[in-house]
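# Descriptive analysis of the structure
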Amino acid sequence: MYGAPIPSTNIAHMVRVLLFILLLAGCQSGGEASNPQKPSSSTSGETSGGSNMSFSLQSPSFSSGGAVPKKFSCEGSDTSPALQWGEPPANTQSFVLIADDPDAPAGTWTHWVAYDLPASLRQLPEGVPKQASLAQGGAQGINDFGKTGYGGPCPPSGKPHRYFFKLYALDAKLNLKPGADKRKVESAMQGHILGKAELMGTYQR
């Protein structure tokens, strides 16, 4: 009347098939959930890198981290090394250049201060004249030797000192009078820095 009973082996087989189907469906839905669409990493890389990636400072006179030749020191002709840099950040209106020695016995010693350098400038030649106003535009300040323009490495004998040449891209001109010192320049450029490029060389006597 009710038909023949289903063998237990057939029931077990049907259960296994049903479990397999359910497991397969779960894996497919789980795989989709675990792999959501992500924003392109190249977009975030471009945003974080910005236009500053090419803004770097170099010198044909010495390599980054290398020794500064004697001719650029107080033991030589004490002339400034040539400097070159890439495209600055957008909206750059001027550059500030500061060179100093953080290893000096009395504390960081300033060797060079230049400011209001034109935004169109991409290099400084070797041997920039030690005068307050520059022919290419901009001005030079007073270094810690008490002189205008560049003063080369002149450390005491012993271990090498590091000399950092730092170029700042600003969104404005500072309009300071020629002959300003590092303290005045750094104070005036606060809030105006768009980017910074740096080159370090060493010198030992």
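Computed from a prediction, not measured in an experiment: that's the story for all the values here.

### Some details on the side chain of Ser-59
The topology assignment puts Ser-59 in the loop between strand 1 (57-58) and strand 2 (83-85). Reaching out from Ser-59, the side chain makes a polar contact with the backbone oxygen of Ala-82 at a distance of 2.6 Å. Those residues in contact with Ser-59, other than ones at most four positions away along the chain, are Pro-81, Ala-82, Leu-83 and Leu-199.

### A word on the confidence of the model for the protein chain
In this model, the protein chain carries a mean pLDDT of 84, and residues with pLDDT of at least 70 account for 74%. pLDDT under 50 marks residues 29-52. Its contacts with residues more than four places away, or in other chains, come to six contacts.

### So, the nonpolar core
Counting 25 residues, the largest nonpolar core has Trp-85, Trp-112 and Phe-165 as the members making the most contacts within it. Elements represented by at least two residues in this core include exactly strand 2, strand 3 (94-101), strand 4 (109-118), strand 7 (161-170) and strand 8 (193-203). Sort the elements by how many residues they give to this core and strand 7 lands first, with four residues. Setting aside its immediate chain neighbours within four residues, Trp-85 contacts Phe-55, Ser-56, Leu-57, Phe-95, Leu-121, Arg-122, Gln-123, Leu-124 and Leu-167.

### Some details on the state of the cysteines
Each disulfide consists of one covalent bond between the sulfur atoms belonging to two cysteines. For the structure shown, the criterion picks out one disulfide. Residue pairing for Cys-74: its cysteine sulfur links by disulfide to Cys-154, the two sulfurs lying 2.2 Å apart. The sign of the S-S torsion, about 80 degrees, decides the handedness of the disulfide formed by Cys-74 and Cys-154: right-handed. Of the two residues, Cys-74 sits in the loop between strand 1 and strand 2 while Cys-154 sits in the loop between strand 6 (139-140) and strand 7, which places them 80 residues apart along the sequence. Under the relative-accessibility criterion, Cys-74 is labelled partly exposed at 32%. Note on Cys-154: relative accessible area 33%, which makes it partly exposed.

Thresholds applied
Residues numbered from 1 in each chain as written. Predicted model: local features only at pLDDT ≥ 70, side-chain atom pairs only at ≥ 80, totals over all residues. Heavy atoms only, no water. Helix = DSSP H or I, 4+ residues; strand = E, 2+ residues; numbered from the N terminus. Polar contact = N/O pair within 3.5 Å; in protein donor to acceptor, adjacent residues only side chain to side chain. Contact = heavy atoms within 4.5 Å. pLDDT = per-residue confidence, 0-100. Core = buried A, V, L, I, M, F, W, Y, C linked by side-chain atoms within 4.5 Å. Buried < 20%, exposed > 50% of the residue type's maximum accessible area, 1.4 Å probe, protein only. Disulfide = S-S within 2.5 Å.

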